[in-house]
Structure formats: structure tokens, C-alpha cells
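Chain and residue survey
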Amino acid sequence: MNRRTNMRRPTSGAPDYLFLGTVLTLTIFGIVMLTSASSDLASTKFGDSSYFVMHQLLYGLLPGMVGFLVGCFAYYRRWQRFATPFLVLSIVLLVLVFTGFGVSSVKGADRWLNFGAFTFQPSELLKLTFFIYLAAWVSRSTTRGSSFVQGFLPFLTLVGGVMVLLLLQPATTVAILIFLASVLMYFTSGAKIRFLAVAALVVSLALSVFIYFSPYRKARVLTFLNPTADTADTGYHINQALIAIGSGGWTGVGFGQSTTKLYYLPEPIGDSIFAVIAEELGFLGSLFVLLAFSVLIWRGLRIARHTSDSFGRIFVTGCTCLIGLQAFVNIAAVSGLVPLTGVPLPFVSYGGTALTVFLTMSGIMVNVSRYQS
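Note that the structure is a prediction, hence the values are computed from the model and not measured.

Criteria and thresholds
- Residues numbered from 1 in each chain as written.
- Predicted model: local features only at pLDDT ≥ 70, side-chain atom pairs only at ≥ 80, totals over all residues.
- Heavy atoms only, no water.
- Helix = DSSP H or I, 4+ residues; strand = E, 2+ residues; numbered from the N terminus.
- Expected span 1.5 Å × (residues − 1).
- Buried < 20%, exposed > 50% of the residue type's maximum accessible area, 1.4 Å probe, protein only.
- pLDDT = per-residue confidence, 0-100.
- Contact = heavy atoms within 4.5 Å.
- Axes fitted to C-alpha atoms, helices over the stretch in contact; angles between N-to-C directions.
- Parallel < 35°, antiparallel > 145°, perpendicular 65-115°, else oblique.
- Left-handed = near helix turned anticlockwise from the far one by under 90°.
- Nonpolar A, V, L, I, M, F, W, Y, C, P; charged D, E, K, R; others polar.
- Core = buried A, V, L, I, M, F, W, Y, C linked by side-chain atoms within 4.5 Å.
- Salt bridge = Lys/Arg side-chain N within 4 Å of Asp/Glu carboxyl O.

1. Considering helix H14 (residues 352–369)
Taking 1.5 Å of rise per residue, the 18 residues of H14 would be expected to cover 26 Å, and the 26 Å separating its terminal C-alpha atoms lies within 8% of that figure. Most of H14 is tucked away, with 18 of its 18 residues classed as buried.

Right under this line is the structure:
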């Protein structure tokens with residue numbers, strides 16, 4: 001009886017329009033920049049300059065807006081009922097990438113599922129389903145944040161199991177981002193600082209060993225430490241990204257006028273799209289992107305702070321931290337501040353699964369903002 005009562009929808013108010021507007025602005029901006037960044041690449045590969053944009057609209061924006069609207073209007077606490085089946089489905093999909101349904105990239109990573117008409121990236125879906133599950137799990141008991149046996153050990157086991165599946169693909173950066181956001185979610189529940197310190201230490205040591213014995217991951221770290229050591233091979237990507245960023249100056253070379261994206265810059269529509277933005281729109285365009293993500297993080301944290309319900313507060317905290325961390329890592333990587341990672345810029349980079357998940361996630365956050373105390 002109490003559980004049903006708790007699930008009843010209370011009176012809602014106005015959503016956070018600034019958060020809502022920022023999400024839509026970044027999404028539109030991403031489609032516009034993808035039009036520029038992808039046109040020549042699409043013409044060369046498919047003979048159609050609009051191929052990537054149309055693919056993003058059909059398999060990213062369209063399902064993403066459906067997810068966004070569902071998230072906006074469905075009472076957010078009802079997602080708790082589906083937390084376990086959603087997580088189980090995501091884990092099954094993660095396992096399937098190692099079977100005949102999996103599609104390997106040119107670098108041998110198993111991160112996609114092939115369903116004939118489209119490919120799908122389970123690790124992106126996991127960002128949403130795992131945060132729903134973790135927020136529901138932590139919010140069910142007030143002792144899970146403070147108890148070592150009933151809280152911290154199950155938390156570490158749960159996060160660790162998910163990280164192992166991601167590292168095996170390999171999707172190292174996604175695993176790190178989910179871990180960091182999960183730790184912040186757990187901290188929001190009232191976890192003791194020493195628990196988080198132990199988790200950080202254990203995972204840091206494990207990742208260090210994992211990277212050391214993984215040649216291509218180790219090469220990325222060494223390239224970050226000395227990017228000019230081999231500019232024709234391991235250091236090629238970061239050096240071309242820095243050239244593109246430096247070429248933009250204050251106002252850029254003009255929309256659609258990037259030359260680096262044509263012949264030199266790897267992944268101009270994915271990992272390196274911020275470099276294209278910096279080249280074509282300059283420092284001012286780059287500043288716009290940084291300010292947009294800053295506003296998104298600010299409003300997200302504000303929504304979490306003003307949400308009295310623990311599930312909503314913890315979920316919004318995790319989503320906000322994930323978006324902020326992923327945006328920072330992407331921009332910092334192409335700027336030479338951290339090793340190159342391979343994660344897309346949220347709402348902007350090409351990738352239908354990522355756009356769909358981030359829009360759905362944002363829709364739920366908008367719904368949470370309607371029930372602030």
C-alpha cells in the first residue's frame with residue numbers, strides 16, 4: 001500500500017526551461033556542425049554528402065526525441081519498477097557483442113551489435129539503465145551509503161562487474177566514466193569518504209595494471225606524455241587535432257571551410273568534432289560549446305539539489321556528472337590535456353545510440369525538475 005502511494009504522481013510544476021533549452025540548443029548545434037564536418041567524408045565514402053546527417057536524424061534524433069518526450073512526460077519514479085529488467089537487458093546486450101551479433105571496428109574493438117538494418121552500441125544504453133538501477137538500489141535503503149557490508153561491497157561488486165564487461169570490449173574510457181559517475185552517485189547517498197577512497201584506490205590500481213599490459217592503451221598514454229615523438233603514427237591524431245584548433249584563431253576560418261577535416265584529421269565527425277568546431281568557428285565558437293555544457297551541468301546539479309526524493313536526486317546527479325565528465329574528457333583529449341580516449345562529445349558527435357540515450361536521459365531529468373521541492 002505504501003509503495004503504491006509513493007508511486008503516485010504528485011502535483012507537478014514548470015520544468016527547468018534553461019536546462020531544457022540548453023539540451024535542445026546543443027542538439028541542434030550538433031546537427032548543424034555534423035552537416036559541415038561530415039559532408040566531404042560522406043561524399044568520398046558514399047557519394048552522398050548528406051549520408052551521415054540523414055543517418056543521425058533517422059537513427060539518432062528521431063528515436064532520441066521520442067525518448068526525450070517519454071522521459072519528459074512519464075513520471076520519473078515509475079522508472080524504478082523497470083530498473084532490474086533494464087539492467088539485465090543491457091548486460092545481455094553487452095555479452096552479445098562477443099557473439100555472432102557483434103561487429104568489430106577496424107581496431108578490433110567489439111562494441112556494436114548488428115541487427116541488419118542498423119547497428120547498436122550497448123555500452124551507451126548501459127549509461128542510462130545502470131544509473132536507473134543504481135539510483136533505485138541505493139535509494140531503497142538508508143544504510144546502503146553508510147554500511148560496508150550491506151552497501152559498499154555490493155556497490156563495488158556491481159560497478160566492478162559492469163566495468164569488466166566494458167573493459168573486455170574494450171571500452172576503457174566508458175568504463176572509467178561510468179565508475180566516476182557511479183562513485184559520485186554513491187557519495188550523494190551519504191557514503192563515507194573512506195569507502196570512496198578505497199574504491200578509487202582499488203580501481204586506479206586495477207586500471208593501471210590493465211593499461212600497462214595492453215599495448216594500444218599504453219601507447220596512448222605514452223603519446224600523451226610525448227605527443228611529438230612520432231607525429232606520423234601514434235602522435236598523428238593529437239597533432240592534427242591541435243593544428244585544427246590552432247588554425248581557428250578567434251573567429252574561425254568559416255563554417256564549412258575547414259581544410260584539416262578533409263585530408264588530415266581522424267574522426268572529424270566523432271571524437272574530433274570539437275577540433276572542427278574550433279577551426280571553423282574559432283575561440284568564440286569553442287567558448288559557446290564550453291558555456292553550453294557549463295550551463296547544463298549547473299542546472300542539472302541544481303535540479304538534483306532541489307529534489308527531495310532520493311531516487312530522483314541520485315539519478316540526476318549521476319546523469320549530470322556523466323555528461324559533464326564525458327564532455328570534459330572529449331574536449332580535453334583533442335586539446336592535448338588528457339590521453340586520446342575515443343568518447344563522443346555529448347549531443348554533438350555523430351552516433352545514433354549516444355544521441356538517443358543522452359536525449360532520453362535529459363528528458364527524465366526535465367521530468368524530475370517538474371517535481372522539485
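2. Notes on the confidence of the model for the chain
When the pLDDT values of the chain are averaged, the result is 87; 92% of them are 70 or greater. Low pLDDT, under 50, characterises residues 1–5; the stretch is placed with zero contacts to residues that sit more than four places away or in other chains.

3. Notes on the packing of helix H3 (residues 51–73) against H14
It is at 7 Å that the axes of H3 and H14 come closest, and there the two elements cross at 15°. Judged on the interaxial angle alone, H14 and H3 are roughly parallel. In terms of crossing hand, the pair formed by H3 and H14 is right-handed. Listed contacts from H14 to Gln-56, Tyr-59, Gly-60, Leu-61, Pro-63, Gly-64, Met-65, Gly-67, Phe-68, Gly-71, Cys-72 and Phe-73 of H3 are Gly-352, Leu-355, Thr-356, Leu-359, Thr-360, Ser-362, Gly-363, Ile-364, Val-366 and Asn-367. For the contact of H3 with H14, the per-class residue count stands at 11 nonpolar, 11 polar and no charged.

4. Remarks on the nonpolar core
Core analysis: the largest hydrophobic core is formed by 96 residues, its most contacted members being Phe-130, Phe-131, Phe-293, Phe-315 and Phe-347. Here this core gets 12 residues from one element, more than from any other, and that element is helix H13 (residues 310–334). Once residues lying within four places of it in the same chain are set aside, the contact partners of Phe-347 are Val-23, Leu-26, Thr-27, Gly-30, Phe-293, Leu-296, Ile-323, Leu-355, Phe-358, Leu-359 and Ser-362. Core analysis: the second largest hydrophobic core is formed by five residues, Leu-93, Val-97, Leu-113 and Phe-120 among them.

5. Regarding the pattern of salt bridges
Taken as a whole, this structure holds four salt bridges when the rule is applied. One salt bridge in this structure joins Lys-127 and Glu-124, with 3.0 Å as the shortest N-O distance. Note that Lys-127 and Glu-124 are positioned in helix H5 (residues 122–139) at a spacing of three residues, about one turn of the helix. We note that Lys-127, like Glu-124, is buried.

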